[in-house]
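# Chains, contacts and geometry: an overview
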Number of protein chains: 2
Amino acid sequence: MKAQMNPIIAKPLTRAAFAPYGEVIEMDGAHHYPINGGMAERFHDLARVEAAGPGGRVLVSLFRGQPYALPLALRLVERHPFGSQAFFPLQDRPWLVIVARDGEDGPGVPEAFVAQGNQGVNYPRNQWHGVLTPFGAAQDFIVIDRGGEGANLEEFTYPSPFPIAVRD
Amino acid sequence: MKAQMNPIIAKPLTRAAFAPYGEVIEMDGAHHYPINGGMAERFHDLARVEAAGPGGRVLVSLFRGQPYALPLALRLVERHPFGSQAFFPLQDRPWLVIVARDGEDGPGVPEAFVAQGNQGVNYPRNQWHGVLTPFGAAQDFIVIDRGGEGANLEEFTYPSPFPIAVRD
């Protein structure tokens, strides 16, 4: 009989917990200051945008993501050698963020976070991450990433899937 | 008796109408293609991001804008000589976009657009525009603009204000 793996439980997304993997794009805890005669508040410079490699430039795109069933059976992670990739949700509902540290034989055991609908993330270059993972309903995102020449996508398939769950 | 100026009526924001001023960031009419095994659709490369000048780099920030009363008395426009500036709303409600062409003596008569809650805009370098203008309620935006050294803000105050209205 095959051993059943305990699911990886997604943790709340916080700057501190996510620090090894990238930036959390959120107002809470951000440096901010008034602009426009006090009519707006600027929460300033929340992601390190990278667009390297041949012809590298920064893109702004919109993604419409279909929801994944939970628990997720995570098999694939990817990374981008030439540029960062930032995601911010356009509907205020939670979504799933999956990352893994790089190791000698590729990415290690993944770690999962539940982002709230007012939280985005930015993955630096070469940060292993799961694909965009809404759950419960389709969700749109604004995405800031890198365009240009060269192979900017590296994929890794785990030999067996990791179950990933979100606490109710 | 002072002449009363007819208000400038904000027009619906469309790519065609806004083309002289910058890009509309929206899914409608955008080049798009499936990614992630069909689980997401990418609406690709919707804004020309510019970050020039000394130490220029791309910033991702969040703005919380307070609502302006309508009709607006527009007196101030601004532009950024070193970088583009993109705004996308995080709550699905209309907001006001104000732009003006450059002329011999500074910006000309402003033009106004009502953006829907699923529409952002990107102003290129040196495009005169009004400050962030939500109406009806406070509204948050994700903003992609330029950081670095040098004077990246130029302001212009019209000798008399332009009234700007939104059709009910």
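Residues numbered from 1 in each chain as written. Chains lettered and ligands numbered in written order. Predicted model: local features only at pLDDT ≥ 70, side-chain atom pairs only at ≥ 80, totals over all residues. Heavy atoms only, no water.

## Re the interface of chain A and chain B
By a frequent convention, interface size equals the accessible area lost on bringing the separate parts together. Which entries qualify depends on this criterion: Note on contacts: a residue pair qualifies if any of its non-hydrogen atoms lie within 4.5 Å across the two residues. Buried area is calculated as the accessible area (1.4 Å probe) missing from two parts once they are joined, with the contributions of both summed. Salt bridge, as used here, is a side-chain nitrogen of Lys or Arg placed within 4 Å of a carboxyl oxygen of Asp or Glu.
Taken together, the 37 residues of chain A in the interface contact 37 residues of chain B. Of the roughly 3300 Å² buried between chain A and chain B on both sides combined, carbon and sulfur atoms contribute 65%. When the area that chain A buries against chain B is broken down by residue, the three leading residues are A:Met39, A:Val60 and A:Leu62, summing to 21%. Here chain A is connected to chain B by four salt bridges.

## Some words on unusual backbone geometry
All names here are of chain A. Here is the rule we go by: Starting at the N terminus, helices and strands are each numbered in turn, a helix being any DSSP run of H or I of at least four residues and a strand any DSSP run of E of at least two. Only protein chains enter the calculation, and the probe is 1.4 Å; a residue is then buried if its accessible area is under 20% of its type maximum, exposed if over 50%, and partly exposed in between.
Cis rather than trans, the peptide bond between Leu 70 and Pro 71 has omega equal to -5 degrees. Positionally, Pro 71 belongs in the loop between strand 6 (57-65) and strand 7 (72-79). Phi is positive for Asn 126, which is not a glycine, with a value near 70 degrees. For Asn 126, a relative accessible area of 34% gives the class partly exposed.

## Describing the sheet that holds strand 13 (residues 120-123) of chain A
To keep things clear, this is the line we draw: Think of it this way: DSSP has to see at least two bridges between two strands before they count as a pair. To get an axis, a line is fitted to the C-alpha atoms, and for a helix only the part in contact is used. The angle between two axes follows their N-to-C directions and goes from 0 to 180 degrees.
Read across the sheet, seven strands follow the order 3(A)-13(A)-8(A)-16(A)-6(A)-5(B)-4(B) without closing on themselves; strand pairing throughout is antiparallel. Either end of the sheet is taken by a strand with one partner, and the two such strands are strand 3 (23-25) of chain A together with strand 4 (32-35) of chain B. On average, adjacent strands in this sheet sit at an angle of 25 degrees to one another, irrespective of strand direction. The sheet contact formed by strand 4 of chain B and strand 5 (residues 40-43) of chain B spans four bridges and is antiparallel. Looking across to strand 5 of chain B, one finds that B:Ile35 is bridged to B:Ala40.

## Regarding the confidence of the model for chain A
Heads up, the rule is: On a range of 0 to 100, pLDDT expresses the predictor's confidence in each residue.
With 98% of its residues at a pLDDT of at least 70, chain A reaches an overall mean of 96. Overall fold confidence (pTM) sits at 0.96, and the ipTM for the predicted complex is 0.96.

## Quick notes on the relation of the copies chain A and chain B
Selection criterion: Copy-to-copy superposition: least squares on the C-alpha atoms, limited to residues that have pLDDT of at least 70 in both copies.
In screw terms, the move from chain A to chain B is a rotation of 180 degrees and a rise of 0.0 Å along the axis, fitting with an RMSD of 0.0 Å. The operation mapping one copy onto its partner corresponds to a two-fold rotation axis. By C-alpha distance to the rotation axis, the residue of chain A lying nearest is A:Leu90, at 2.7 Å. Both copies present the same face, since 100% of the interface residues in chain A are matched by interface residues at the equivalent positions in chain B.

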